[in-house]
Amino acid sequence: MTSEPTAAGETDRGEQLSYLLSLSRPRFWLYLAGPVVVGVAYAADAPDELFTPATVALFVYFLLPANVFLYGINDLYDREIDAANPKKEDRETRYRGQGYVPAAVGLCAALAILLVPLVGAAAVPWLAAFLLLGAAYSAPPARLKTTPLLDSVSNGLYVTPGIAAYAAVAGTGPPLLAIGGGWLWAMGMHTFSAIPDIEPDRETGIRTTATILGEPRTYAYCGACWLASAVAFGAIDVRLGALLLVYPALVAAIATASVAVDRAYWWFPAINTVVGAALTMGGLWRLLYG
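Residues numbered from 1 in each chain as written. Predicted model: local features only at pLDDT ≥ 70, side-chain atom pairs only at ≥ 80, totals over all residues. Heavy atoms only, no water.

Here Pro140 and Pro141 are connected by a cis peptide whose omega angle stands at 10 degrees. Here Pro141 shows up in the loop between helix H8 (124–138) and helix H9 (150–153). Notably, Arg143 is not glycine yet its phi reads approximately 40 degrees, a positive angle. Given the relative accessible area of 15%, Arg143 is considered buried. Of note in the backbone geometry, Leu149 takes a positive phi value of approximately 75 degrees without being a glycine. Inspection of the secondary structure assignment puts Leu149 in the loop between H8 and H9. (Helix = DSSP H or I, 4+ residues; strand = E, 2+ residues; numbered from the N terminus. Buried < 20%, exposed > 50% of the residue type's maximum accessible area, 1.4 Å probe, protein only.)

So, in structure tokens, the structure goes:
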């Protein structure tokens with residue numbers, strides 16, 4: 001007679017975990033975990049520095065808990081906006097007020113404290129920057145996502161995991177040009193991802209860089225961010241700059257072709273994975289073959 005409540009409880013927990021998994025946007029997991037891999041590849045001076053307690057812990061944290069935190073806090077404060085967002089119908093999940101979600105988001109943020117003893121002093125400010133920007137982007141009173149330009153600039157938070165990983169291995173941060181180039185790339189990526197939301201955001205009174213510029217000028221803004229990113233990385237190594245030129249080329253092609261942006265948007269997880277893999281292979285080649 002006691003098996004039914006237990007089975008029901010297990011079903012509820014399974015449904016909750018399944019929801020949190022969907023909330024974390026698995027398609028975008030590598031947007032946070034990928035920079036960790038790239039940062040480690042370029043910071044390491046020997047192969048045995050690639051897999052350490054610090055690097056593995058950073059990768060695991062930014063693969064799942066950090067995504068639950070980042071997208072969960074976004075969904076908590078976007079509940080009314082998301083009611084009219086068509087993306088929430090199939091490719092993403094819609095938050096409906098489940099009480100366990102705020103607790104899960106808070107726990108996933110707090111888990112970052114466990115990284116502090118592992119990563120070293122140089123990495124800690126970048127972990128803090130990720131958490132602060134991640135919260136300020138979505139949560140009041142800052143709610144940077146509703147302030148044009150700041151919504152874009154604040155999304156440099158996506159490269160902070162890579163900077164933290166580099167600092168954890170090297171004991172110091174990466175070159176400023178790399179930080180600037182990565183930040184500009186993230187700004188372009190965020191603003192491009194906001195293009196499909198222009199109409200839903202306008203309908204709900206949300207002001208973003210994309211809603212202010214409109215679709216054609218937002219394409220130009222993204223292209224400018226990505227071109228500047230390529231220039232910054234090219235100043236470090238011309239091969240890096242050449243690789244990053246794929247982004248301004250893509251946005252130019254999308255802007256001038258008859259491709260719906262809400263379709264093209266979903267190409268970017270695969271594109272970013274390929275580019276990130278190429279960057280990582282470049283770092284490993286440097287490490288192994290000089």
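Here we take up the nonpolar core. Considering soluble globular proteins, one finds that nonpolar side chains tend to be buried as a cluster. One finds Leu58, Phe62, Phe192, Trp226 and Phe268 to be the most contacted residues of the largest nonpolar core, which totals 76 residues. If near-sequence neighbours (up to four positions away) are discounted, Phe268 is found in contact with Tyr31, Met189, Phe192, Trp226, Tyr247, Leu250 and Ile254. (Core = buried A, V, L, I, M, F, W, Y, C linked by side-chain atoms within 4.5 Å. Contact = heavy atoms within 4.5 Å.)

Turning next to helix H4 (residues 65–77). In this model H4 runs 18 Å from its N-terminal to its C-terminal C-alpha over 13 residues, within 8% of the 18 Å that 1.5 Å per residue would give. Of all 13 residues making up H4, eleven are buried, and the element is well covered by its neighbours. Those residues of H4 lying buried are Pro65, Ala66, Asn67, Val68, Phe69, Leu70, Tyr71, Gly72, Ile73, Asn74 and Asp75. (Expected span 1.5 Å × (residues − 1).)

In the numbering used here, UniProt assigns the "transmembrane region" (unreviewed entry) feature to residues 28–44, 56–77, 98–118, 163–186, 243–261 and 267–288. The distance separating the terminal C-alpha atoms of residues 98–118 is 34 Å; by composition the span is 67% helix and 0% strand. The distance from the first to the last C-alpha atom of residues 267–288 is 32 Å, and the span holds 95% helix and 0% strand. (UniProt positions renumbered as here; feature names shortened; annotations may be inferred.)

Linking two cysteines covalently via their sulfur atoms produces the bond known as a disulfide. Counting across every chain of the model gives zero disulfides. Cys225 takes part in no disulfide bond, and the closest cysteine sulfur, belonging to Cys222, lies 6.6 Å away. Given a relative accessible area of 6%, Cys225 falls into the buried group. (Disulfide = S-S within 2.5 Å.)

The next point concerns the side chain of Ser229. Take Ser229: it is sitting in helix H13 (residues 209–236). Setting aside chain neighbours within four positions, we find Ser229 in contact with Gly181, Leu184, Trp185 and Leu244.

A few words on helix H2 (residues 29–43). In a regular helix each residue adds 1.5 Å, so 15 residues correspond to 21 Å; H2 covers 22 Å between its end C-alpha atoms and thus fits that length. With twelve of its 15 residues buried, H2 lies for the most part within the structure. All of the buried residues along H2 are Trp29, Tyr31, Leu32, Ala33, Gly34, Pro35, Val36, Val38, Gly39, Val40, Ala41 and Ala43.

Attention shifts here to the pattern of salt bridges. Enumeration over the complete set of coordinates arrives at three salt bridges. The partner of Arg202 in a salt bridge is Glu199, and the shortest N-O contact between them spans 3.5 Å. Taken together, the residues span about one helical turn, with Arg202 and Glu199 both in helix H12 (residues 198–203) at a distance of three residues. What makes Arg202 partly exposed here is its relative accessible area of 41%. (Salt bridge = Lys/Arg side-chain N within 4 Å of Asp/Glu carboxyl O.)

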